[in-house]
Amino acid sequence: MSEQERVAKELDQRVAQRTRELAAANEDLKSELAQRKRAESLLSAEKRSLEMIAHGASLTEILQELCRAIDAQAPGTITSVLLMDPDGQRLRPAAGDRVPSGWAQAITPVTIGPCVGSCGTAAFLKKPVIVSDIASDPLWVDFRDIALSHGLRAAWSQPLISKNGEVLGTFCLYYPEVRSPNGSDLRLLEGAGHVAVIAIEGERTQAALTKAFEEIKTSEAQLREIVDAIPHSITVLGPEGNTLYVNRVALDYTGLTMSEVMAPDYRARVFHPDDVERLRDERPKALSRGTPFENEQRVRRSDGQYRWFLIRYHPLRDEKGHVIRWYATGTDIEDRKQAEERVRSENLALREEIDRSSMFEEIVGSSEALRRVLADVAKVAPTDSTVLILGETGTGKELIARAIHKRSTRSTRAFIRVNCAAIPPSLIASELFGHEKGAFTGALQRRLGRFEAADGGTIFLDEIGELPMETQIALLRVLQERELERIGSSQSISVDVRVLAATNRDLKAAVTTGTFRQDLFYRLNVFPIQMPPLRERTDDISLLVEYLIERYARRAAKRIRTIDGKTMKLLQAYDWPGNIRELQNVIERAIVLCDGDTFSVDEAWFKRESSSELPRQSMQEGRLGRLVRDREKEMIEAALASSGGRISGPAGAAAKLGIPRQTLESKISSLGINKHRFKTG
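Everything in this summary refers to the structure shown in the same document. (Residues numbered from 1 in each chain as written. Predicted model: local features only at pLDDT ≥ 70, side-chain atom pairs only at ≥ 80, totals over all residues. Heavy atoms only, no water.)

**Here we look at the overall build of the protein**
Within the protein, the secondary structure is distributed over 25 helices and 20 strands. Within the protein, buried positions represent 41% of all 681 residues. Across the protein, every contact between residues at least 6 apart in sequence was considered, and the portion connecting residues at least 24 apart equals 62%. For the protein, the accessible area works out to roughly 37300 Å², and carbon and sulfur atoms hold 51% of it. (Helix = DSSP H or I, 4+ residues; strand = E, 2+ residues; numbered from the N terminus. Buried < 20%, exposed > 50% of the residue type's maximum accessible area, 1.4 Å probe, protein only. Contact = heavy atoms within 4.5 Å. Areas by Shrake-Rupley, 256 points an atom, 1.4 Å probe, with all protein chains shown as cover.)

**A closer look at the layout of surface pockets**
By volume, the largest pocket amounts to about 1100 Å³. Within the residue set of the lining of the largest pocket, elements represented by two or more residues are helix 10 (273-278), strand 10 (306-317), helix 12 (334-355) and strand 16 (492-494). Take the lining of the largest pocket: its biggest share by element is seven residues, from helix 12. Considered class by class, the residues forming the lining of the largest pocket number six nonpolar, nine polar and 19 charged. (1 Å grid on protein atoms, 1.4 Å probe; cavity = no way out; pocket = protein on both sides within 12 Å on 5 of 7 lines; lining within 4 Å. Points joined across faces, edges and corners; volume = space filled by probe spheres on them. Nonpolar A, V, L, I, M, F, W, Y, C, P; charged D, E, K, R; others polar.)

**A few points about the packing of aromatic side chains**
Within the structure shown, the criterion is met by 11 aromatic pairs. Summarising the aromatic geometry, the rings of Tyr253 and Phe309 are spaced 5.2 Å apart at their centres and angled 75° between planes, so their arrangement reads as edge-to-face. On the criterion of sequence distance, the pair formed by Tyr253 in helix 7 (residues 248-254) and Phe309 in strand 10 is long-range, its members being 56 residues apart. Just as Tyr253 is buried, Phe309 falls in that class too. Between the aromatic rings of Phe521 and Tyr522, the centroid separation amounts to 5.6 Å while the plane-to-plane angle is 55°, which identifies the pairing as tilted. Under the relative-accessibility criterion, Phe521 is labelled buried at 8%. The class of Tyr522 is exposed, set by a relative accessible area of 53%. Among the aromatic residues, ring-to-ring pairing joins Trp103, Trp140 and Tyr174 into one connected group. (Phe/Tyr/Trp six-rings, centres within 6.5 Å; stacked < 30°, edge-to-face > 60°.)

**Digging into the pairing of strand 7 (residues 233-237)**
On a regular strand, each side chain points to the face opposite its neighbour's, so the side chains alternate between the two faces of the sheet. With five of five residues buried, strand 7 is to be regarded as a mostly interior element. Of the two faces of strand 7, the one carrying Ser233, Thr235 and Leu237 and the one carrying Ile234 and Val236 are both buried. The pairing of strand 7 with strand 11 (residues 323-332) spans five bridges and is classified as antiparallel. Bridge pairing in strand 11 places Ser233 opposite Gly330. In this structure, strand 7 lies alongside strand 8 (residues 243-246), joined through three bridges in antiparallel fashion. Bridged to Leu237 within strand 8 is Thr243. (Pairing = 2+ DSSP bridges.)

**Remarks on helix 17 (residues 469-481)**
Counted at 1.5 Å a residue, the expected span for helix 17 with its 13 residues is 18 Å, and the 19 Å between its end C-alpha atoms agrees. Inspection of helix 17 places Met469, Thr471, Gln472, Leu475, Leu476, Val478 and Leu479 among the buried residues, and these make up the whole buried set. The buried side chains of helix 17 occupy one side of the element, clustering within an arc of 160° when seen end-on. Close packing links the buried residues of helix 17 with helix 15 (425-433), helix 16 (450-453), strand 14 (458-462), strand 15 (483-485), strand 17 (498-503) and helix 19 (518-524). Directly beyond the C-terminal end of helix 17, a positive phi value near 60° is found at Arg482. (Expected span 1.5 Å × (residues − 1). Arc of directions from axis to C-beta.)

**Points about the nonpolar core**
Counting 33 residues, the largest nonpolar core has Phe451, Ile459, Leu461, Ile464 and Phe516 as the members making the most contacts within it. The set of elements that each furnish at least two residues to this core consists of strand 12 (387-390), strand 13 (415-419), helix 15, strand 14, helix 17, strand 17, helix 18 (507-513) and helix 19. Considering each element in turn, this core owes the most residues, four residues, to helix 17. Once residues lying within four places of it in the same chain are set aside, the contact partners of Ile459 are Ile416, Val418, Arg450, Phe451, Ala454, Val497, Arg498, Val499 and Leu500. (Core = buried A, V, L, I, M, F, W, Y, C linked by side-chain atoms within 4.5 Å.)

**Details of the pattern of salt bridges**
Enumeration over the complete set of coordinates arrives at 39 salt bridges. As a salt-bridge pair, Glu398 and Arg402 come within 3.1 Å of each other at their nearest N and O atoms. With Glu398 and Arg402 both in helix 14 (residues 397-406) and four residues apart, this pair spans about one turn of that helix. What emerges from the salt-bridge pattern is a single network uniting Asp85, Asp87, Arg90 and Arg92. (Salt bridge = Lys/Arg side-chain N within 4 Å of Asp/Glu carboxyl O.)

**Some details on unusual backbone geometry**
For the peptide bond that leads from Thr108 to Pro109, omega is -10°, which places it in the cis range. Looking at where Pro109 falls in the secondary structure, it is placed in the loop between helix 3 (101-107) and strand 3 (110-111). A positive phi angle is found at Lys126, which is not glycine, with a value near 60°. With respect to the element layout, Lys126 can be found in the loop between helix 4 (117-125) and strand 4 (129-131).

**Brief notes about the sheet that holds strand 1 (residues 78-84)**
Read from one edge to the other, the open sheet built from six strands follows the order 3-2-1-6-5-4, with strand pairing classed as antiparallel. The sheet terminates laterally at strand 3 and strand 4, the two strands that pair on one side only. Alignment of strand 1 against strand 2 (residues 90-95), held across four bridges, turns out to be antiparallel. Following the sheet pairing, Val81 is matched in strand 2 by Ala95. Strands in contact with helix 2 (residues 59-71) are strand 1, strand 2 and strand 6 (167-175); relative to strand 1, the strand with the most contacts, it is inclined by about 150°. (Axes fitted to C-alpha atoms, helices over the stretch in contact; angles between N-to-C directions.)

**So, the pairing of strand 14**
Of all five residues making up strand 14, five are buried, and the element is well covered by its neighbours. Burial of strand 14 is two-sided: the residues Thr458, Phe460 and Asp462 facing one way and the residues Ile459 and Leu461 facing the other way are all buried. Looking at chain direction, strand 13 and strand 14 are connected through five bridges and run parallel. Looking at the pairing, Ile416 lines up with Ile459 of strand 14. As defined by bridge partners, strand 14 adjoins strand 17 across four bridges and the pair is classed as parallel. The residue bridging Ile459 from the neighbouring strand is Val499, located in strand 17.

Purely spatial values, then, with no claim about function.
Structural data, given as structure tokens:
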């Protein structure tokens, strides 16, 4: 071969090689372009599916759109989507415009199994099944003839599997010729299946949300019916404490509408201003902690009255633990608060009684005079009659009052003692009947009076003769109508109290002079008990002495074995103007001074001087005292006359005389002056 021929041959070979390389490159480029087109189509189909889901399109519409997008890439391709029945055992055709209707009818439904064509097997195995030739593949034994009759020759199936591994259906590509997939075909099959899964799960999520919303609406309606039926006030609050809803009980109680309840000023309209201010900082802090808490507040009723409520707050949290709601339940505790107030008052009274040394713990004596008194106590105690106990100072009037209470049907309730002489006249009404906040200077909060504290029990009004005239009027109303009004309030309060009263004054004489109301006297004097003075109970002195010696000796840690005979005669011979209280003081003083085990008293303690033995100077001083009292009485009456009976104020009698009002009130009482007869119209 010549050199020229050799070169020509080599040149032809190079051209042929280059031609083959260019052809291969062209095929690769075509394949890459086809793959890119398929990828773009899949992205477009996925985007379109998501848009359709967002716009609320049905699942069938979304799957049909997906099949059309895949079919558009190859004229001979038949795309189909089958969905799983709820029982998880059968597949049914759901989308595919090109699927022959006869074929769809013939395979509906497809029971999944290990040898049921491409789709039934793929759903069973949960992995792709590729059949390149239906005519020879063993999976198509039962469906081969019908498939071939409809022009189906190859079938590739991709199972549609959810995130939790559930088979949702299958995505299938049919071809009219024998065909095996390449890498690009497999990616298309997998990508299309992914888009179908997105569409199915999106539809399921939407359906679940719709169902959940419906269930929530139904549940909320049912819950509101239940909440409205609960006989307690219930409020639903937002995370920050703003009101979202209240039940029917709360609306009926407050008299507000739902829109008024949700207004920003709801708390200011419903809760007591003092409680709003008290909880202004505490309530937000408790809400911010996110744990259950409770507080007590006064809630305004539709008639304007406030009642105490115990309000318990419970949080509702989401799955992340964040508080999304607060549920507040209100329980009426007005009765409990009233009871607590009564208990506090009773405890106060009890502490006062403990602090105050009582005369003795039990009635001691067996004299005829005392037996008559005890017989009266036994008769009147079981009744609810008002009792007026009369007698000199120190005769044991309070002891008799306690005995009446202990034998009454009210013995388990409070026994409240009030010494009317120990309380300033300006405060006695507040002490007895209570007051509202702001009723007078210094009334910083509402206070229950002694009558409310004694509700259901007994009140003992000691020194009843010292009550001011205006308080006597209020007391008369309580006795007549069994109701009272706190100072500063116009609301009547019913009370069930038994009244026992005591005095060492002559109330009949006080009625005559005008210092005590006649109608009140008759109301109090339903069942009078006259306490005998100790000088009329000489038979009881020895018993009382022995009792008191034992009592005070025990306190002083001393042991008294005998009583000096002369001492006992002295004690029995003395007339005891201070009665049992004076005897008590003498015994206590003697115990303190006693050094041995024999009790005795100093005879000098009982020296009595007759009027004939009084020095002339003492008699003159007595006459001078009477003259001073008479002159003082004249001056006070003159001042009352010129002031028209007014005591306080710039033009009152106290100002004219230059003395404090309380001092003048005390002198008017001690001198027996009827100040009301000087009052002018």
